[in-house]
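Geometric and topological summary
Below, each chain spelled out in residue letters.
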Amino acid sequence: MIGAIGVETILQIGEGNFLRAFAENYLQEAVDNGYGGKVVICQPRTNTAVINALKKQNCEYDIIIRGRAGGEIVNERKHISCVSRCIDTVGEYGELQKLFCSDGLKIVISNTTEAGICFDELDKMENSPNVSFPAKVTALLYERFLSKAKGLVFLPVELIEQNGDKLRECIIQYAKLWELGGAFIEYVENECSFCNTLVDRIVTGHIADDYDPCSTACEPYESWIIQADERAKAAIPFRGITYTDDLVPYRTRKVRILNGAHTMSVLAAHMAGFDIVRDMVNDELFGKYIQQGLEEIKSTIDLPRQELDEFAGSVLERFNNPFIDHKLLDISLNSVSKFKARCLDTIIDHYNLNGALPKVLTFSLAALIAFYLKAGDRDYEVKDSKEVLDFFAQRPGIRDILSNVSFWGRDLTEINGMLQAVENGFESIRENGIVDAVKEVINE
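What comes next is a walk through the structure. (Residues numbered from 1 in each chain as written. Predicted model: local features only at pLDDT ≥ 70, side-chain atom pairs only at ≥ 80, totals over all residues. Heavy atoms only, no water.)

Focus: the packing of helix 8 (residues 248-271) against helix 13 (residues 335-354)
Our working definition: Note on method: axes are straight lines fitted to C-alpha atoms, helices fitted across the in-contact stretch only, with angles between N-to-C directions ranging 0 to 180 degrees. Starting at the N terminus, helices and strands are each numbered in turn, a helix being any DSSP run of H or I of at least four residues and a strand any DSSP run of E of at least two. Convention used here: angles under 35 degrees read as roughly parallel, angles over 145 as roughly antiparallel, angles from 65 to 115 as roughly perpendicular, and any remaining angle as oblique. In this scheme the handedness of a crossing depends on how the near helix is turned from the far one: anticlockwise by less than a right angle means left-handed, clockwise means right-handed. Here, residues are in contact when the closest pair of their heavy atoms is within 4.5 Å.
Following both chains from N to C, one finds helix 8 and helix 13 inclined at 115 degrees, their axes separated by 9 Å at the closest point. On the basis of their axis angle, the class for helix 8 and helix 13 is roughly perpendicular. For the pair helix 8 and helix 13, the sense of crossing is left-handed. Every residue of helix 13 that contacts helix 8 at Val255, Arg256, Asn259, Gly260, Thr263, Met264 and Leu267 is listed here: Ser335, Lys338, Phe339, Ala341, Arg342, Cys343, Asp345, Thr346 and Asp349.

Notes on helix 18 (residues 418-432)
The periodicity of an α-helix, 3.6 residues per turn, causes residues three or four positions apart to be oriented the same way. Rules: Expected helix span is taken as 1.5 Å per residue step, with the number of steps being one fewer than the number of residues. Relative accessible area decides the class of each residue, using a 1.4 Å probe on protein chains only: under 20% of the type maximum gives buried, over 50% gives exposed, and in between gives partly exposed.
Here helix 18 spans 21 Å end to end across 15 residues, near enough to the 21 Å set by a 1.5 Å rise per residue. Listed as buried for helix 18 are Met418, Leu419, Val422, Gly425, Phe426, Ser428 and Ile429. On its buried face, helix 18 is in contact with helix 13, helix 14 (359-372), helix 16 (398-402) and helix 19 (434-441). Once helix 18 ends, the next one or two residues include Gly433, with phi positive near 95 degrees.

Points about the packing of helix 10 (residues 284-298) against helix 19
For the record, the criterion: Polar here means any residue outside two lists: the nonpolar Ala, Val, Leu, Ile, Met, Phe, Trp, Tyr, Cys and Pro, and the charged Asp, Glu, Lys and Arg; Gly therefore counts as polar.
Running from N to C, helix 10 and helix 19 point in directions that differ by 45 degrees, and their axes come no closer than 10 Å. Relative to helix 19, the element helix 10 lies oblique. Note on packing geometry: the crossing formed by helix 10 with helix 19 is left-handed. Of helix 19, the residues touching helix 10 (which contributes Leu285, Phe286, Tyr289 and Gln292) are Val435, Val438, Lys439 and Val441. Here the contact of helix 10 with helix 19 is built from residues that sort into 6 nonpolar, 1 polar and 1 charged.

Notes on the sheet that holds strand 13 (residues 242-243)
Note the threshold: A pair of strands is labelled paired if DSSP reports no fewer than 2 bridges between them.
A sheet is described by the order of its strands in space; here 3 strands give the open sequence 9-12-13, paired in mixed fashion. What marks the edges here is a single partner per strand, and that holds for strand 9 (196-200) and strand 13. Note: strand 12 (residues 223-227) against strand 13, 2 bridges, orientation parallel. Looking across to strand 13, one finds that Ile225 is bridged to Thr242. Sheet strands touched by helix 8: strand 9, strand 12 and strand 13. Its angle to strand 9, the strand with the most contacts, is close to 25 degrees.

Structure representation (structure tokens):
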């Protein structure tokens with residue numbers, strides 16, 4: 001078993017609700033099953049509110065897990081005791097340096113937001129720790145290199161593609177900028193492992209009236225998919241990890257099924273009178289609409305059918321969480337760019353694979369247009385960028401909307417049958433109402 005009792009084997013750079021309800025959950029399970037390592041938490045920026053609150057209660061807190069799993073309602077608390085201490089990155093930087101150079105440290109987990117992994121040529125090594133996250137890590141890793149300690153495994157969970165590769169690239173850029181030498185660059189490239197990761201769990205944060213000021217609530221579902229070499233696999237103590245040589249199909253699965261199912265359904269459902277996701281998925285008509293859309297999506301993803309069916313089933317279970325009132329209008333924010341990122345490639349792949357447009361997904365584009373042009377009876381505020389709102393304020397025609405390359409990255413009227421299908425869907429919504437239009441598209 002990796003990790004002697006009480007040894008601080010993991011440094012977590014990120015003290016927010018997500019990591020504390022996600023990474024600590026995996027680690028606590030490992031500890032409960034005999035793993036002897038501990039995690040140290042530090043904050044990536046200057047705000048010390050969370051780590052100070054954790055320090056007041058011996059770095060212990062509860063995760064409140066609420067939702068559905070396996071068809072059953074889950075509502076339970078899990079006590080987290082695997083955090084040995086918290087370090088103030090700025091005020092206790094010496095302690096952080098000491099930990100980073102220790103032989104016991106094996107893994108660095110980070111969550112510094114999507115903008116956290118970036119290179120800034122103005123960062124200087126002598127200004128650490130008041131620099132960007134990759135610069136801070138470069139300075140610390142250089143000290144570890146000088147101390148002749150072994151390389152580390154990096155598990156960034158920032159929601160960007162190839163997060164591990166990008167972190168390594170930034171570190172090498174800083175190494176060159178700061179002239180740290182070829183030997184250090186070889187150490188980074190050959191003795192450290194930078195894993196690309198994909199994480200998934202809805203974390204809603206602290207419940208206002210909960211007795212534990214550091215508790216955080218989340219859904220039962222969790223997924224951690226890691227592209228790791230053998231050195232990293234040997235160091236990672238967590239159970240339930242999916243290891244892969246290629247994250248792309250899993251990222252595609254998540255974006256198209258989880259995010260795409262939201263985007264293809266919520267605008268039509270809101271026009272039909274629904275306000276939250278749970279009520280939408282429990283409605284007989286929209287339940288069928290979503291199921292048919294998911295079938296179209298799954299046909300475009302290169303993963304085993306059983307895996308896709310199980311993931312789609314878990315998505316619907318998550319949408320039906322009785323403890324989360326996920327508002328459709330909140331999800332509708334920036335729907336044009338979301339449709340491009342989450343649904344458009346599915347439509348194109350479906351057409352290329354099957355020689356036909358997917359009925360539900362193509363109709364959902366008509367529903368998006370109807371939502372933005374307020375072709376239904378409900379009154380609501382459309383929220384998007386000024387560019388998008390100004391465009392729709394001109395009451396453009398369907399052809400003008402579909403041919404707007406700045407929205408879609410291409411002229412959608414060039415796809416055979418697209419213009420006619422979207423025009424038909426839009427006219428059905430406007431003339432018959434959204435409910436009857438949905439019935440028509442799913443052949444009810």
